[in-house]
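Report on the structure
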There are 2 protein chains.
Amino acid sequence: MAPFLSRRDLQFQLYEVLDTAALPQRPRFAEHSREVYDDVLNLAYSVAERHFANHLREADVHEPHVVDGKVKLPPQMADAMRAFREAGFFNAHHDEELGGLQLPWVVMQAVQAHFQAANISTSGYPFLTIGNANLLREFASEGQQSKYLTPLLEGRWFGTMALSEPHAGSGLADITTTATPKEDGTYSITGTKMWISGGEHELSENIVHLVLARIKGAPAGVKGISLFIVPRYRVGEDGRPGESNHVVLAGLNHKMGYRGTTNTLLNFGEGGETVGEIVGEPGQGLAQMFRMMNEARIGVGMGAVMLGYAGYLASLEYARERRQGRSPGNKDPHAEPVSIIQHPDVRRMLLRQKSFVEGGLALGLYASSLVDDLHTGPEEGRGDTGLLLDLLTPVVKSWPSKYSQETLSDAIQVMGGAGYTRDYPVELYYRDNRLNPIHEGTEGIQALDLLGRKVTQSGGRGLTVLLERMSADLAASEELEGVAEIRTALATAVAQSTAALRGLLAQAPTLGPDRFLANAHSALEMLGHTVVGWMWLRQAAVAARKLPEARGEGADFYRGKLHAARFFAVHELPKVKAHADLLASADPTTLEMQEAWF
Amino acid sequence: MAPFLSRRDLQFQLYEVLDTAALPQRPRFAEHSREVYDDVLNLAYSVAERHFANHLREADVHEPHVVDGKVKLPPQMADAMRAFREAGFFNAHHDEELGGLQLPWVVMQAVQAHFQAANISTSGYPFLTIGNANLLREFASEGQQSKYLTPLLEGRWFGTMALSEPHAGSGLADITTTATPKEDGTYSITGTKMWISGGEHELSENIVHLVLARIKGAPAGVKGISLFIVPRYRVGEDGRPGESNHVVLAGLNHKMGYRGTTNTLLNFGEGGETVGEIVGEPGQGLAQMFRMMNEARIGVGMGAVMLGYAGYLASLEYARERRQGRSPGNKDPHAEPVSIIQHPDVRRMLLRQKSFVEGGLALGLYASSLVDDLHTGPEEGRGDTGLLLDLLTPVVKSWPSKYSQETLSDAIQVMGGAGYTRDYPVELYYRDNRLNPIHEGTEGIQALDLLGRKVTQSGGRGLTVLLERMSADLAASEELEGVAEIRTALATAVAQSTAALRGLLAQAPTLGPDRFLANAHSALEMLGHTVVGWMWLRQAAVAARKLPEARGEGADFYRGKLHAARFFAVHELPKVKAHADLLASADPTTLEMQEAWF
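Worth saying up front: this structure is predicted, and the values here are computed from it rather than measured. (Residues numbered from 1 in each chain as written. Chains lettered and ligands numbered in written order. Predicted model: local features only at pLDDT ≥ 70, side-chain atom pairs only at ≥ 80, totals over all residues. Heavy atoms only, no water.)

Our next topic: the overall build of chain A. Summing up its helical and strand segments, chain A has 19 helices and 12 strands in all. For 598 residues, the compact-globule formula gives about 25 Å, and the C-alpha radius of gyration of chain A, at 24 Å, lands near that figure. The C-alpha extent of chain A, read off along each of the three principal axes, is 80 × 60 × 60 Å. Split into buried and exposed, the 598 residues of chain A put 64% on the buried side. (Helix = DSSP H or I, 4+ residues; strand = E, 2+ residues; numbered from the N terminus. Rg over C-alpha atoms; globule rule 2.2 N^0.38 Å. Buried < 20%, exposed > 50% of the residue type's maximum accessible area, 1.4 Å probe, protein only.)

The final tally for this structure, using the stated rule, is 92 salt bridges over all chains. R566 of chain B serves as the salt-bridge partner of E485 of chain B, at 3.6 Å between the closest nitrogen and oxygen. Of this pair, E485 of chain B sits in helix α15 (residues 484-516) while R566 of chain B sits in helix α17 (residues 552-572), placing them 81 residues apart in sequence. Exposure remark for E485 of chain B: the relative accessible area of 33% places this residue in the partly exposed category. Look at the salt bridges and you will find they share partners, linking R57, D60, R259, E427 and R431 of chain A into a network. (Salt bridge = Lys/Arg side-chain N within 4 Å of Asp/Glu carboxyl O.)

Turning to the relation of the copies chain B and chain A, a few remarks are in order. Superposing chain B onto chain A requires a rotation of 180 degrees together with a translation of 0.0 Å along the rotation axis, leaving an RMSD of 0.0 Å. The operation mapping one copy onto its partner corresponds to a two-fold rotation axis. Closest to the rotation axis within chain B is the C-alpha of K575 of chain B, separated from it by 3.5 Å. Both copies share a contact surface, since 100% of the interface residues of chain B are interface residues in chain A too. (Least-squares fit on C-alpha atoms with pLDDT ≥ 70 in both. Contact = heavy atoms within 4.5 Å.)

The next subject is the domain arrangement of chain A. How big an interface is tends to be stated in terms of the accessible area lost upon association of its parts. Residues and elements named next belong to chain A. On domain assignment, one finds that chain A holds domain 1 (7-153), domain 2 (158-281) and domain 3 (446-597). Just the C-alpha atoms count here: the centres of domain 1 and domain 3 sit 32 Å apart. Between domain 1 and domain 3, the buried area comes to about 660 Å², and carbon and sulfur atoms account for 61% of it. When the buried surface of domain 1 facing domain 3 is broken down by residue, F12, E16 and V17 rank first, second and third, together holding 64% of it. The interface formed by domain 1 and domain 3 includes 2 salt bridges. Between the two partners, domain 1 and domain 3, sit 5 residue pairs in polar contact (both at pLDDT 80 or more). Residue composition of the side of domain 1 that touches domain 3, grouped by class: 3 nonpolar, 1 polar and 3 charged. (Domains from an automatic or database assignment. Buried area = accessible area lost by both parts, 1.4 Å probe. Polar contact = N/O pair within 3.5 Å; in protein donor to acceptor, adjacent residues only side chain to side chain. Nonpolar A, V, L, I, M, F, W, Y, C, P; charged D, E, K, R; others polar.)

We now examine the UniProt feature "domain: Acetyl-CoA dehydrogenase-like C-terminal" (unreviewed entry) in chain A. In the UniProt entry, the feature "domain: Acetyl-CoA dehydrogenase-like C-terminal" (unreviewed entry) is given for residues 467-594 of chain A. Across residues 467-594 of chain A, the secondary structure splits into 81% helix and 0% strand, with the terminal C-alpha atoms separated by 38 Å. (UniProt positions renumbered as here; feature names shortened; annotations may be inferred.)

A few words on α17 of chain B. Taking 1.5 Å as the rise per residue, α17 of chain B with 21 residues should run 30 Å; its terminal C-alpha atoms sit 29 Å apart, in good agreement. The buried fraction of α17 of chain B amounts to 16 of the 21 residues, a majority that puts the element mostly inside the structure. (Expected span 1.5 Å × (residues − 1).)

Time to look at the UniProt feature "domain: Acyl-CoA dehydrogenase/oxidase N-terminal" (unreviewed entry) in chain A. As recorded in UniProt, the feature "domain: Acyl-CoA dehydrogenase/oxidase N-terminal" (unreviewed entry) lies at residues 48-155 of chain A. For the annotated span residues 48-155 of chain A, helix accounts for 63% and strand for 6% of the residues, and the straight-line distance between the end C-alpha atoms is 17 Å.

Attention now moves to the packing of aromatic side chains. Counting across every chain of the model gives 45 aromatic pairs over all chains. A connected cluster of aromatic rings, assembled from ring pairs, spans F52, F84, F89, F90, F115, F127 and F158 of chain A. The ring of Y15 of chain A carries R34 of chain A above its face, with NZ or CZ at 3.7 Å from the centroid. Cation over ring: R8 of chain B sits above F557 of chain B, and NZ or CZ is 4.2 Å from the ring centre. (Phe/Tyr/Trp six-rings, centres within 6.5 Å; stacked < 30°, edge-to-face > 60°. Lys NZ or Arg CZ within 6 Å of the ring centre and 35° of its normal.)

All names here are of chain B. With respect to the helices and strands, the residue S368 is situated in helix α9 (residues 344-376). Assessed through its relative accessible area of 0%, S368 is described here as buried. In this structure, S368 is in contact with W105, V106, Q109 and I298, ignoring residues within four places of it in sequence.

Next up on the list: the environment of L466 of chain A. Residue and element names in this part refer to chain A. As for its placement among the helices and strands, L466 is situated in helix α14 (residues 457-476). Sequence spacing of L466 and L391 is 75 residues, and the spatial spacing of their C-alpha atoms is 8.6 Å. The contacts of L466, once residues within four sequence positions are left out, are L388, L391, L392, V531 and W534.

Right, let's get into the packing of helix α8 (residues 285-321) of chain A against helix α10 (residues 382-415) of chain A. Residues and elements named next belong to chain A. Direction vectors running N to C along α8 and α10 enclose 20 degrees, while the axes themselves pass 8 Å from each other. In terms of axis orientation, α8 runs roughly parallel to α10. Remark: the crossing between α8 and α10 carries left-handed chirality. A class-by-class count of the residues in the contact of α8 with α10 yields 16 nonpolar, 9 polar and 2 charged. (Axes fitted to C-alpha atoms, helices over the stretch in contact; angles between N-to-C directions. Parallel < 35°, antiparallel > 145°, perpendicular 65-115°, else oblique. Left-handed = near helix turned anticlockwise from the far one by under 90°.)

Moving on, we come to the pairing of strand β3 (residues 157-162) of chain A. Residue and element names in this part refer to chain A. Where burial is concerned, most of β3 is hidden: 6 out of the 6 residues are buried. Burial along β3 is two-sided: the residues W157, G159 and M161 and F158, T160 and A162 are all buried. Relative to strand β6 (residues 206-215), β3 runs parallel, the two sharing 6 bridges. Bridge pairing in β6 links G159 to V208. (Pairing = 2+ DSSP bridges.)

Core analysis: the biggest nonpolar cluster contains 346 residues, and F115 of chain A together with F115 of chain B have the highest contact counts within it. Those residues in contact with F115 of chain A that lie beyond four places of it in its chain are A44, V47, A48, F52, F84, F89, I120, S123 and F127 of chain A. (Core = buried A, V, L, I, M, F, W, Y, C linked by side-chain atoms within 4.5 Å.)

One non-glycine residue, D68 of chain A, adopts positive backbone phi at about 50 degrees. Among the secondary structure elements, D68 of chain A is positioned in the loop between β1 (65-67) and β2 (70-72). If you check the backbone angles, W195 of chain B has positive phi at about 65 degrees while not being a glycine. Looking at the secondary structure, you find W195 of chain B in strand β5 (residues 187-197). By relative accessible area, W195 of chain B is classed as partly exposed at 28%.

Structure representation (structure tokens):
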């Protein structure tokens, strides 16, 4: 069985491309060292391998189902939760006073990457819980924190985020779940929520739903939405889960993949009262949720990267071992068949996968390092860091979701019929990852967010910061050997993207919002490939600097980085132009299509 | 439930784009008329709807499994086979003296399209049988025809094609299944075959395996391969299936999709002798099989088209009905949500799907019409027709396989979370279609076939014929209104493709075969999009000619054709350039990658 993660590449990304080993110079991380981080990552690998990878297929074949009114999960999941809890991963990034290790977010994300790679659907439960706790930590009152946050951080209770409703998925402005104020300051919640991951199970003592609802009489639209803590079981004076809070499981969704994560339809206030506590002020619900959502979007992108990466490694191992055919130049039928990695088209597919997953990993960890910079970096740079992170978030969410699907399609293709069977994990990764362009904001939503909000916010400062950083890396790599292709291709893509965006923005006043946004998808594609090209330049520059001193496997590793960068430069970055041209032309084809013509 | 097929578009393709109604002018089809073809297509729709579509999900959920040594299938499949048989579809294209209707192949393919759209995995059984019978009709002796062909044509016996072995999938030169001559002129067959679709079931009285094997002492490589008829049950003097022929089911493959078609590992000569009869002369096996294979490749392409088409129709219906969100220009939270087809990005995805599936359908039926021309068209054009069909076959197989997967991904995306659940068919189509780039020759094999064989064979005459036909259609559409975008974009793509191929061919002598073929994948992409662009020009030209006289729904249909052509011109054809540039540069990136660098 192929490894689910490349530990060598993770080390490269954290310590050679990013300067994670320097983080202990910051006061919050003063107790840390690279050894601490490595120990944590080693622990993550071992827990992921022993307690998550062990039931990857099981969680797919025996998906959650209801027996005697309870959601039944594969029994290994409870063991996985115990191991995750005992390793301290529920709260490793939190303050020491909360029992945490104050781990940097980039290290925390690297820890999570192991579980995403080993078993994405089982890892959904703790990750939703971590996101839920982060939100409470930021916005909940002190009383709410001691009541709800503590058991979440200890991994005894789990969390969800309950946004969508049957008639309102992407369109949150139209939610109708209602919160009626009660005399004691709490609220009575009624309504139905759809697509709630981890919405019901027996893995934890309680489930803390974070629910978007509208206080009776609140204004229409997003301004009338507030956020509520709604526990599955009401919490007694002793802090322990007590009677039912009447959150009723109305149904399970049966998905193509990602099956181990229960996905539920929940009725609030069925057969009794559902009591909720408001978080912060009324009307702040969507803004608060977006704190969690932005984090979740980086998490989705990283999950996509790791699924793609695991598929790449599986197909790579297969391609090294499977023997079949000969080179076109060899006509001798008595010659032994070669391993299929020798066939150029197989190598093309493996290189393409490598360029996608290693580029995606660099991007996800870079964004995670920006989260750290935002909170613990030099004060004067934080404004720019925040804008850059805002700009990159839709790309970090969408690009790997899409290109890991391409990766996994190539992984299946490399393995041929074998890859199409359930005897290997690649078909499962392919089904699992297909969710990623959908949840936590579809690809279309991300494109609108990018072009309609992030590119223009604060006078376009985020885009300027991005361009400055890319230019700086281009300038710094000018003298390096072996990076010519990626430098040239990136510079071209940057110029094309910049020109397209400037061209479109110049027309914006006359175009109106619908036409300005009509080709937002191309903006996402264009900037996505360009940003990943930049991630490849960063990796290639490190490899070029280190290659002269490296020997053996170490040298092979750097040569692989340089060659994958070249592949991305030559095979992928030229695709930017078609998107840039379309965007710059403000092409109205989709707008002018009429429903009756379909 | 959405319809699985657009009958209006099928009529358009057959009678307005192609001149199918003129085929009865040819002697072989003299008894026919358009009414005959329409009756046949109506029958196909009704049988497909009632007996195939009815168990689409059932064939996925209750996939073939072994009970008491027998392969158990959903019971509706036997009923489907009966209905298909009673409709006369097993032999409708064969000579009247064989009980057939002498239907043109393009009509036969249109008939099959209904079953592929309604239930691809159930339709696998009759289609393999039809292909098997076509091969026997062409190459088997008279005695073999009366013994095996008759029951196949009557749909009482079913057929398979048994090529691959566990160690030899794409690399057929290395098969080791052995045929040992017996005194009576028959052969004793021993060996193991892998990935045999329809290899074991109880749907028919007998199964006729067409098996590639090596006669003892035959030369290595493809020249030593012969073709054998190997029945599951030996055939008695009375022509009835008798004792076991010792073809033993060694295992079932469990696939991601396409589950209803049993896929088997078969042992020949286990527990007793397996007797086979040779077809034609020794050493001709691969050439004979490729007769069936080329037909199967068009069938795979058409199957892919129809899966994509069914997914497009399902997502189109959903997009018309589902209401969600408002346009970016509408800030009123009290406004009613719009149907999601009003959102430009949803319309983009629907237009993209439409451009892929209707372009693919045009291509598949065009290729099928070439099959007719080859056999019944004017004598003097048949040489060119054959070369053009040869050239197009890898494109017809690969392009829809790949772009229907994109279509189905868009169909899921349009439907969001709903599309990802098993409550709707699009996730199933997505899993089913992922097989199509793999079986009957992988995408990589098709690319090598295209660039390494078809582009250059007969002095490049096939390519010349293609260019001539595209130029003729470009010239003929010069004066038409509403086709400017597709004309311009196609002319550009043709020029880019031609220049790239000429550039590469000019370098061929110095490059050597490995480097010449290193970017074969880009040749396939480039020619695929160009040829589909041509198919869109052909459709747009018809629509432009007919639109002035059309009214109401008729006019909407033609406007839809013109707009989809424009979409393909503006959004898709510009992607040709990146592939053309890569091909022309004979880029060696994939060749230079070393195994140790991965």
